[in-house]
Amino acid sequence: MRRHFRILDFALASLRRRRLKNWAIVAVYAFTVTIVSSVLLLTNAIRQEAALLLVGAPELTVQRVVGGRHAPIAVEVTETIATLPGVVEAQPRYWGYTYDAVTDSTITVIGAGPGSAELEMVEGRLPEHSTECAVGAGVAAMWGAEVGGEVILIDASTTGVLYEVVGTFAAPSDILTNDLVVMTGDEAALFLGLPEGWATDLAVRIANPAEVDTIATKIKRAFPDSRPITRSEVLRTYDAVFHWRSGMMLAMLSGGLIAFAILAWDKATGLSAEERKEIGILKAVGWDTGDVLELKMWEGVVISVTSLLLGLIAALIHVFLLGAPLLTPVLRGWSVLFPELHPVPHIDPYLLVSIAFLTVVPYVAATVAPSWKAAITDPDSVVRG
Amino acid sequence: MTSGANPLVSVDDVTKTYNRGAPDEVRAVRGVSTSVSAGEVLVLEGPSGSGKTSLLTMIGCMSRPTSGQVAVDGRRVSRLSEVALTSIRRSTFGFIFQHLHLIPNLSVEDNIMIPMVPTGLSPVEMKQRVQRVLAEMHLEHRRTALAGRISGGEQQRTAVARALVNRPSIVIADEPTAHLDSELSSELLEIFADLNARGTTVIIATHDPRVIDHPIVHRRLLLRDGEVVGEHAP
Amino acid sequence: MSRSRSFGAFTAVGLATVAALVLWANSEGRRWQREDLPRLRLLVTRLDLTDLALWTEARYTRHPSQTDLFSAFQDFPAAPEHFPSGSITGPPPALRGTGETSGVRVGRP
């Protein structure tokens, strides 16, 4: 047992000789671990957040599809749907987008159905009149608007319309409300140019989750031009989106990853004449092949474990304390109104274990493998020069 | 052959062939038999290429003979596993190489510790042993200096200290004076004399007359082209 | 202290830091689930939201779960189409005008 510690001692002494070089490798390696772990931690956290939040979404949304296009749906369809057994409620949704040429951003307009104007996550209240609106933090910041302020938005007939801001959404809801302008349902329909009696789509609430698919089938049968979207499809979409986004981020980083792999490969495999001679000396003074390989293994372990720990700590701080500033530009893409990220921590131990495994094992293998040949040569080669 | 009843090392009709079967085959040692008794100072004498280094590495359990037998302390080493061979090498032999083979960017202390690392001694014991050989070699003031940054004589003594740290019963030296001036050579021979006085067996391969003619040498084995051509016991 | 012990101590401190960060993060996560999540879910239910307000550049990114799956063009004129072609080609300059040049009238007739 003590033998292993002595070999570790020697490995550390050996690494200490090329202190600068080895610290440089640790720095690059740790940075790589930081970035990769940040991507995985962040996308995992947002995915989890989406899954938890969207549980509140309607069990079914029903769109109408005409010629492959998403088209308005008649409000009267709700009456038929509401009579289906198991349906609690069917409501029209009025929502759409407006492009704000002044700020070069796209804003999402949503009509709030009737109901209490008070909502905990709103400072102020939701609109009750056609001239009022509530805005998300991103829109408010863009317009410099507070409660009591005004915004001018361009409606479907390219006419500017003035609204009084009566509410702003609180920071914790940014990820849901950042680009929202909430109006009354009727005003939203008017603003979005929906003909009277037509809605963007329908939200259907269903009491028993087990019945959702049956009801979706029934709706599809009754209205063949409809496209019911279940909540589980919504959640699945977010799962896919974040896998795709993290894959894309990793793809963009792959240049760096490959550069690091080359560096590691070169460092670990490029057994210099000097190192070969050292192995010969060790063998000549009484180390066996196993001892030499153990030394190389420890050298790899020290470098990779140090990098792993530093990288993981940096990633956890970067994502959960600082809000992932290094990744936001990649994640936001072309988005103009991108919310400030406050990722809600969700750390999967399995994720940490796989990061650790992927960090340590390949590096150690790349360190030990090339020493093999030098380690098994007869020690007399060093004597004979 | 002069040998005691129980020789420490016995070499029996040993040959060593490198690159066997290849066009550049070298028959470095051809049927050498001899023995070394405990407490002896033996010199393997001969020009370069005479096979003395090859014989030395076989005696020192660094390589196995192509044919024939080497026995150390009565154990036949030819058939031993690598691990067992290494363990004998570590516990029985101390090596001083022609080019010293110190690791230049490690400290004197770390260099001396190398042979002890795989033995699994406690750190305290290791420190004590290093301290002792440093004192014997008058190197205490150089303990933390890098081996590549000390004088040639100090490097020589560091190499000797490393050879002695596992308390070997046999010290093997390959052309130890090849790169030393007269003063350092005689200093080294004094060290060998001292070791021998305390019962350590010393085997030296050399063609340096300063060593060959030194009074500490008990016996000389003359090698030419891998064969023993003469033996002198002054 | 021997070198291996220093390394052991470093590793232990590192692991403890990681563990502390993970525990802290997970307790934050639980706090959010306890305090914010119910209120946010109420908001989702009240406004019938189906998507996160993350990417506003196109229909299919703002409402990935709601978009018809056939649309190749989007609502935001500066929006590129699918990755990666959109990141190589920019939108035509005429589409990037401000309010003055885009012919918008203010005030509903």
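Nothing here was measured: the structure is a model prediction, and the numbers come from that model.

Observations concerning the interface of chain C and chain A
Then, number 1: At the junction of the two partners, chain C supplies 70 residues and chain A supplies 102 residues.
Then, number 2: Overall, the association of chain C and chain A removes approximately 7300 Å² of surface from exposure, summing both partners, and the carbon and sulfur fraction of that is 67%.
Then, number 3: The interface formed by chain C and chain A contains two salt bridges.
Then, number 4: Its salt-bridge partner being A:Glu120, residue C:Arg39 comes within 3.6 Å of it at the nearest N-O pair.
Then, number 5: Our enumeration of links across chain C and chain A arrives at nine residue pairs in polar contact (both at pLDDT 80 or more).

Some thoughts on the sheet that holds strand β8 (residues 201-206) of chain B
Note: strands within a sheet are paired through backbone hydrogen bonds, in either parallel or antiparallel orientation.
Residue and element names in this part refer to chain B.
Then, number 1: With respect to topology, six strands assemble into an open sheet ordered β6-β7-β8-β3-β9-β10, the strand pairing being mixed. Looking at the sheet topology across the chains shown, the edges are occupied by β6 (93-96) and β10 (227-232). Here the average twist between neighbouring strands, direction ignored, is 20°.
Then, number 2: With five bridges joining them, strand β7 (residues 170-174) and β8 adopt parallel strand pairing. What sits directly across from Ala173, in β8, is Ile204.
Then, number 3: Packed on one face of the sheet, helix α2 (residues 82-92) meets β6 and β7 and runs near 75° to β6.
Then, number 4: Where helix α6 (residues 182-197) meets the sheet, its contacts fall on β3 (41-45), β6, β7 and β8, and the angle it forms with β7 comes to roughly 160°.

So, a nonpolar patch on the surface
Then, number 1: Taken together, A:Ile317, A:Leu321, A:Leu322 and C:Trp24 make up a surface patch of nonpolar side chains, about 370 Å² in accessible area.
Then, number 2: Here A:Ile317 is to be found in helix α10 (residues 289-321).
Then, number 3: A relative accessible area of 32% places A:Ile317 in the partly exposed class.

Observations regarding the pattern of salt bridges
Residue and element names in this part refer to chain B.
Then, number 1: Within this structure, the stated rule accounts for 34 salt bridges over all chains.
Then, number 2: Notably, a salt bridge pairs Glu175 with Lys52, separated by 3.2 Å at the nearest N-O pair. Placement of Glu175 in the loop between β7 and α6 and of Lys52 in helix α1 (residues 52-59) is noted, with a sequence separation of 123 residues between them.
Then, number 3: By relative accessible area, Glu175 is classed as buried at 7%.

Some points on the pairing of strand β13 (residues 201-206) of chain A
All names here are of chain A.
Then, number 1: The buried count for β13 comes to six of six residues, which makes it a mostly enclosed element.
Then, number 2: Burial along β13 is two-sided: the residues Asp201, Ala203 and Arg205 and Leu202, Val204 and Ile206 are all buried.
Then, number 3: Where strand β1 (residues 60-66) lies against β13, three bridges are found, and the strand directions are antiparallel. Bridge pairing links Thr61 to Ala203 in β13.

Here's the deal with the environment of A:Ala171
All names here are of chain A.
Then, number 1: For Ala171, the location among the structural elements is in the loop between β10 (159-169) and α5 (174-177).
Then, number 2: Residue Ala171 is classed as partly exposed on the basis of its relative accessible area, which comes to 44%.
Then, number 3: Measuring from C-alpha to C-alpha, the distance between Ala171 and Leu40 comes to 24 Å, with 131 residues separating the pair along the chain.

Comments concerning the packing of aromatic side chains
Then, number 1: By the definition in use, this model includes seven aromatic pairs over all chains.
Then, number 2: Through pairs of rings, three or more aromatic residues link up here, namely B:Phe93, B:Phe95 and B:Phe97.

Some points on the confidence of the model for chain A
Then, number 1: Of all residues in chain A, 95% have pLDDT values of 70 or greater, and the mean over the chain is 85.
Then, number 2: Per-element mean pLDDT across chain A ranges from 70 in helix α13 (residues 380-384) of chain A up to 93 in α10(A).

Regarding the domain arrangement of chain A
Residue and element names in this part refer to chain A.
Then, number 1: The domain boundaries assigned to chain A delineate domain 1 (2-53 + 242-384) and domain 2 (58-231).
Then, number 2: If you average the C-alpha positions of domain 1 and of domain 2, the two centres end up 48 Å apart.
Then, number 3: The interface of domain 1 with domain 2 comprises nine residues on the first partner and 13 residues on the second.
Then, number 4: Counting the surface domain 1 buries against domain 2, the share from its top three residues, Val336, Leu337 and Pro339, is 63%.
Then, number 5: Counting across the interface, domain 1 meets domain 2 through zero salt bridges.
Then, number 6: For the pair domain 1 and domain 2, the interface holds zero residue pairs in polar contact (both at pLDDT 80 or more).
Then, number 7: Its residues assigned to classes, the side of domain 1 that touches domain 2 shows six nonpolar, one polar and two charged.

A word on the nonpolar core
Then, number 1: Judged by nonpolar contacts, the single largest core of 168 residues is most densely connected at B:Phe192 and C:Leu52.
Then, number 2: Every residue in contact with B:Phe192, bar those within four places of it in the chain, is listed here: B:Ile96, B:Val171, B:Ala173, B:Pro176, B:Val202, B:Ile204 and B:Ile216.
Then, number 3: If you look at the next biggest cluster of nonpolar residues, it comprises 40 residues, including A:Ile107, A:Val165, A:Phe191 and A:Val212.

Thoughts on helix α12 (residues 349-376) of chain A
Then, number 1: With 28 residues, α12(A) ought to run about 40 Å at 1.5 Å a step, and its terminal C-alpha atoms sit 39 Å apart, in line with that.
Then, number 2: By the largest-angle criterion, A:Pro370 marks the main kink of α12(A), which is about 30°.

Considering the side chain of A:Thr32
Then, number 1: Position of A:Thr32 among the secondary structure elements: in helix α2 (residues 19-53).
Then, number 2: Aside from chain neighbours lying at most four places away, what touches A:Thr32 is A:Leu257 and A:Phe260.

With respect to the packing of α10(A) against helix α1 (residues 3-47) of chain C
Then, number 1: Where α10(A) meets α1(C), the closest approach of the two axes is 10 Å, and the angle between their N-to-C directions is 25°. Considering their axes alone, α10(A) and α1(C) lie roughly parallel with respect to each other. The two elements α10(A) and α1(C) cross, and the hand of that crossing is left-handed. Judged by residue contacts, A:Val302, A:Val305, A:Thr306, A:Leu309, A:Leu310, A:Leu312, A:Ile313, A:Leu316, A:Ile317, A:Phe320 and A:Leu321 of α10(A) engage C:Phe7, C:Phe10, C:Thr11, C:Gly14, C:Leu15, C:Thr17, C:Val18, C:Leu21, C:Val22, C:Trp24 and C:Ala25 from α1(C).
Then, number 2: Grouping the amino acids of the contact of α10(A) with α1(C) by side-chain chemistry returns 18 nonpolar, four polar and no charged.

Considerations on the confidence of the model for chain C
All names here are of chain C.
Then, number 1: On average, residues of chain C score 71 in pLDDT, and 60% of them are at 70 or above.
Then, number 2: Between the elements of chain C, mean pLDDT differs from a low of 48, seen in helix α3 (residues 85-88), to a high of 91, seen in α1.
Then, number 3: In this model residues 73-87 is a low-confidence stretch, pLDDT under 50, and it forms 33 contacts with partners more than four residues away in sequence or in other chains.
Then, number 4: Contacts from residues 97-105, a stretch scored under 50 in pLDDT, to residues over four places away or in other chains number 13 contacts.
Then, number 5: Confidence metrics for the complex model read pTM 0.81 and ipTM 0.87.

Some remarks on α2(B)
Then, number 1: The complete set of buried residues in α2(B) reads B:Leu85, B:Thr86, B:Ile88, B:Arg89, B:Arg90 and B:Thr92.
Then, number 2: Against α9 (273-284) and α10 of chain A together with β4 (67-72), β5 (75-76), β6 and β7 of chain B lie the buried residues of α2(B).

Focus: the sheet that holds strand β1 (residues 9-18) of chain B
Residues and elements named next belong to chain B.
Then, number 1: Pairing is antiparallel across the open sheet formed by four strands, whose spatial order is β2-β1-β4-β5. Because the sheet does not close on itself, it has two edges, and the strands there are β2 (26-36) and β5.
Then, number 2: Here α1 sits on the sheet in contact with β1, β2 and β4, set at roughly 125° to β1.

Details of the environment of A:Gly286
Then, number 1: When you line up the elements, A:Gly286 lands in the loop between α9 and α10.
Then, number 2: Those residues in contact with A:Gly286 that lie beyond four places of it in its chain are B:Thr86, B:Arg89, B:Arg90 and B:Pro118.

Analysis parameters
- Residues numbered from 1 in each chain as written.
- Chains lettered and ligands numbered in written order.
- Predicted model: local features only at pLDDT ≥ 70, side-chain atom pairs only at ≥ 80, totals over all residues.
- Heavy atoms only, no water.
- Contact = heavy atoms within 4.5 Å.
- Buried area = accessible area lost by both parts, 1.4 Å probe.
- Salt bridge = Lys/Arg side-chain N within 4 Å of Asp/Glu carboxyl O.
- Polar contact = N/O pair within 3.5 Å; in protein donor to acceptor, adjacent residues only side chain to side chain.
- Pairing = 2+ DSSP bridges.
- Helix = DSSP H or I, 4+ residues; strand = E, 2+ residues; numbered from the N terminus.
- Axes fitted to C-alpha atoms, helices over the stretch in contact; angles between N-to-C directions.
- Patch = residues over 30% accessible without salt bridge, like charges linked within 9 Å, V, L, I, M, F, W, Y side chains within 5 Å.
- Areas by Shrake-Rupley, 256 points an atom, 1.4 Å probe, with all protein chains shown as cover.
- Buried < 20%, exposed > 50% of the residue type's maximum accessible area, 1.4 Å probe, protein only.
- Phe/Tyr/Trp six-rings, centres within 6.5 Å; stacked < 30°, edge-to-face > 60°.
- pLDDT = per-residue confidence, 0-100.
- Domains from an automatic or database assignment.
- Nonpolar A, V, L, I, M, F, W, Y, C, P; charged D, E, K, R; others polar.
- Core = buried A, V, L, I, M, F, W, Y, C linked by side-chain atoms within 4.5 Å.
- Expected span 1.5 Å × (residues − 1).
- Bend = angle between axes of the 7 residues up to and from the residue.
- Parallel < 35°, antiparallel > 145°, perpendicular 65-115°, else oblique.
- Left-handed = near helix turned anticlockwise from the far one by under 90°.

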